[in-house]
Amino acid sequence: MSKENYDAKEAVLEALSMDQVKAPTMPTDVYFQEAEDQYIWVEEDKEALIARGLDWERFVTNLPIRTGAARHAQSLWISERYGQEEAAKEWKTIAPAAYELRNDLLADLRFAYRKREDLLSRVRAIADGSGDADMIQDLSDISALGKANPDELLQINFDMTQLDSITQQADELAILRAKANGATLDNTKAKNMRDRAFTHLKEAMDEIRDTGKYVFRKDPERYKGYISRYKRR
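Predicted model, so just to flag it, every value in this text is computed and none were measured.

(A) Inspection of the overall build of the protein chain at higher detail. Broken down by element type, the protein chain carries twelve helices and zero strands. Listing the helices and strands of the protein chain from first to last along the sequence gives α-α-α-α-α-α-α-α-α-α-α-α. Over its C-alpha trace the protein chain gives a radius of gyration of 29 Å, far above what one expects of a compact globule, namely 17 Å for 233 residues. Taken along its principal axes, the extent of the C-alpha atoms in the protein chain is 90 × 35 × 30 Å. Out of the 233 residues belonging to the protein chain, those deemed buried represent 39%. Contacts in the protein chain between residues far apart in sequence, at least 24 positions, make up 79% of those at least 6 positions apart.

(B) Local environment of unusual backbone geometry. One non-glycine residue, Asn157, lies in the positive phi region at around 60°. Structurally, the position occupied by Asn157 is in the loop between α8 (151-155) and α9 (161-185). Judged by its relative accessible area of 70%, Asn157 is exposed.

(C) Seen up close, the packing of helix α2 (residues 28-42) against helix α5 (residues 63-112). At a closest axis distance of 10 Å, the pairing of α2 and α5 adopts a crossing angle of 165°. By the angle between their directions, the pair α2 and α5 is classed as roughly antiparallel. Handedness of the crossing formed by α2 with α5: left-handed. Every residue of α5 that contacts α2 at Thr28, Phe32, Gln33, Ala35, Glu36, Gln38 and Tyr39 is listed here: Leu63, Pro64, Thr67, Ala70, Arg71 and Gln74. Grouping the constituent residues of the contact of α2 with α5 by class yields six nonpolar, five polar and two charged.

(D) Layout of the packing of aromatic side chains. With the rule as written, the count across this model stands at two aromatic pairs. Each ring, one from Phe216 and one from Tyr226, has its centre 5.9 Å from the other, and the planes form 15°; the classification is stacked. Placement of the pair is Phe216 in the loop between α10 (189-215) and α11 (220-223) and Tyr226 in the loop between α11 and α12 (229-232), with a sequence separation of ten residues. When the ring centre of Phe111 is taken as origin, the NZ or CZ atom of Arg114, which lies over that ring, is 4.1 Å away. Across from the ring centre of Trp77, 4.4 Å away, lies the NZ or CZ of Arg194, which sits over that ring.

What counts and how
- Residues numbered from 1 in each chain as written.
- Predicted model: local features only at pLDDT ≥ 70, side-chain atom pairs only at ≥ 80, totals over all residues.
- Heavy atoms only, no water.
- Helix = DSSP H or I, 4+ residues; strand = E, 2+ residues; numbered from the N terminus.
- Rg over C-alpha atoms; globule rule 2.2 N^0.38 Å.
- Buried < 20%, exposed > 50% of the residue type's maximum accessible area, 1.4 Å probe, protein only.
- Contact = heavy atoms within 4.5 Å.
- Axes fitted to C-alpha atoms, helices over the stretch in contact; angles between N-to-C directions.
- Parallel < 35°, antiparallel > 145°, perpendicular 65-115°, else oblique.
- Left-handed = near helix turned anticlockwise from the far one by under 90°.
- Nonpolar A, V, L, I, M, F, W, Y, C, P; charged D, E, K, R; others polar.
- Phe/Tyr/Trp six-rings, centres within 6.5 Å; stacked < 30°, edge-to-face > 60°.
- Lys NZ or Arg CZ within 6 Å of the ring centre and 35° of its normal.

What follows is the structure in structure tokens.
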């Protein structure tokens, strides 16, 4: 049901302006449960709340849909984030070997082209720079340079099949690195939609609770049902 709620609310969530969107300030699972509890609690006070201006259809009747949409958006983000975190772990595991391969290949090229200043200058240009993106590009450039100038490499018995394999490896590394980057940037569409869904849910919760706290400000037994149990701790 949460997916259907999310689909029903997707256009509304996307229409929210960025200055309206807020990230959760408490554990989302706790907030979602409070929203579900609030929906049950508020029913007894329907007439009193409507009398003080609460838009029942917009904020109360719609509350389970907002909650379901937020739950699904949270699940989508967690699923994507898990994939990103796994990619980040995998990158940390394989990156050292990729750097070592790049350095070994550069050594091969320097030796093979040691009598060709024109090619050596290109090897130096490839070796210049640092960082993950540069390393990945270096592998691709090494492959292109080696394929265009094979004679010297063949003379040192260089395994020319490596030039094809490192092209594929560079592509795979680029994809993995891009996915891993998401784990640190944390600005994916999934997170953005999670924050939008939370904001939309919070709008209803705030209206219900603000009205309830006003109406029952002198009735402690009903008033307590409009306060976050999490924040009372």
